[in-house]
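Chains, contacts and geometry: an overview
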Amino acid sequence: APNDATFKLDKAQYRQCKQYLRPLRRSLRANDISPDIISSLARIANLCEKRHYKAMQEAYMRLAIGNKPWPMGVTFVTFHDRANWHKI
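What comes next is a walk through the structure.

Turning our attention to a positive patch on the surface. Among the surface-exposed residues, Lys11, Arg15, Lys18, Arg22, Arg25, Arg26 and Arg29 lie close enough to one another that they form a single positively charged patch. On the accessibility criterion, Lys18 (41% relative accessible area) is partly exposed.

Pasting the structure below:
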């Protein structure tokens, strides 16, 4: 039964990805995305295809959060805020 469990996990992950990509696909169909974002997405896809994962990750981070320097005093960087992280 391990194949069943693996299949179920893969299927759930596929459905989640499909759901998360729905707004992007809708915007692409409506031609409602800036050329800069389309260019970045094409670069990311191209790097994935060439299996240059480190460069792809850097391109994704540049697309997601930009290339601006972090504010002074930032010591703990996370995408998911934790309540009371300073008490850890």
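Another aspect to go through is the layout of surface pockets. Considering only enclosed or pocket space, the largest pocket measures out at about 280 Å³ in volume. Lining the largest pocket are Leu21, Leu24, Ile33, Ser34, Ile37, Leu41, Tyr60, Leu63 and Ala64. At the level of elements, helix H1 (2–29), helix H2 (35–49) and helix H3 (53–65) are the ones that each hand at least two residues to the lining of the largest pocket. Sorting elements by how many residues they give to the lining of the largest pocket places H3 first, with three residues. Of the residues that constitute the lining of the largest pocket, the class distribution is eight nonpolar, one polar and no charged.

A separate point is unusual backbone geometry. Positive phi outside glycine occurs at Asn31, with the angle close to 55°. Relative to the helices and strands, Asn31 resides in the loop between H1 and H2. Backbone geometry at Arg51 places phi at a positive 65°, although glycine is not the residue there. Of note, Arg51 is situated in the loop between H2 and H3.

Turning our attention to H2. Its 15 residues give H2 an end-to-end C-alpha distance of 21 Å, which sits within 8% of 21 Å, the value for a rise of 1.5 Å per residue. Taken from the residues just after H2, Arg51 is the one with a positive phi, measuring 65°.

Attention shifts here to H3. Between the first and last C-alpha of H3 there are 18 Å, a value that for 13 residues agrees with the 18 Å anticipated at 1.5 Å per step. Backbone geometry just after H3 places Gly66 at a positive phi near 85°.

Quick look at the packing of H2 against H3 now. Contact geometry for H2 and H3: axes closest at 8 Å, N-to-C directions at 160°. Taken together, the axes of H2 and H3 lie roughly antiparallel to each other. The handedness of the crossing between H2 and H3 is left-handed. Along its contact with H2, which presents Ile37, Ser40, Leu41, Arg43, Ile44, Leu47 and Cys48, the element H3 presents Tyr53, Ala55, Met56, Ala59, Tyr60 and Leu63. Per-class residue counts for the contact of H2 with H3 are eleven nonpolar, one polar and one charged.

Criteria and cut-off values
- Residues numbered from 1 in each chain as written.
- Predicted model: local features only at pLDDT ≥ 70, side-chain atom pairs only at ≥ 80, totals over all residues.
- Heavy atoms only, no water.
- Patch = residues over 30% accessible without salt bridge, like charges linked within 9 Å, V, L, I, M, F, W, Y side chains within 5 Å.
- Areas by Shrake-Rupley, 256 points an atom, 1.4 Å probe, with all protein chains shown as cover.
- Salt bridge = Lys/Arg side-chain N within 4 Å of Asp/Glu carboxyl O.
- Lys, Arg positive; Asp, Glu negative; His and termini not counted.
- Charge placed at Lys NZ, Arg CZ, Asp CG, Glu CD.
- Buried < 20%, exposed > 50% of the residue type's maximum accessible area, 1.4 Å probe, protein only.
- 1 Å grid on protein atoms, 1.4 Å probe; cavity = no way out; pocket = protein on both sides within 12 Å on 5 of 7 lines; lining within 4 Å.
- Points joined across faces, edges and corners; volume = space filled by probe spheres on them.
- Helix = DSSP H or I, 4+ residues; strand = E, 2+ residues; numbered from the N terminus.
- Nonpolar A, V, L, I, M, F, W, Y, C, P; charged D, E, K, R; others polar.
- Expected span 1.5 Å × (residues − 1).
- Axes fitted to C-alpha atoms, helices over the stretch in contact; angles between N-to-C directions.
- Parallel < 35°, antiparallel > 145°, perpendicular 65-115°, else oblique.
- Left-handed = near helix turned anticlockwise from the far one by under 90°.
- Contact = heavy atoms within 4.5 Å.

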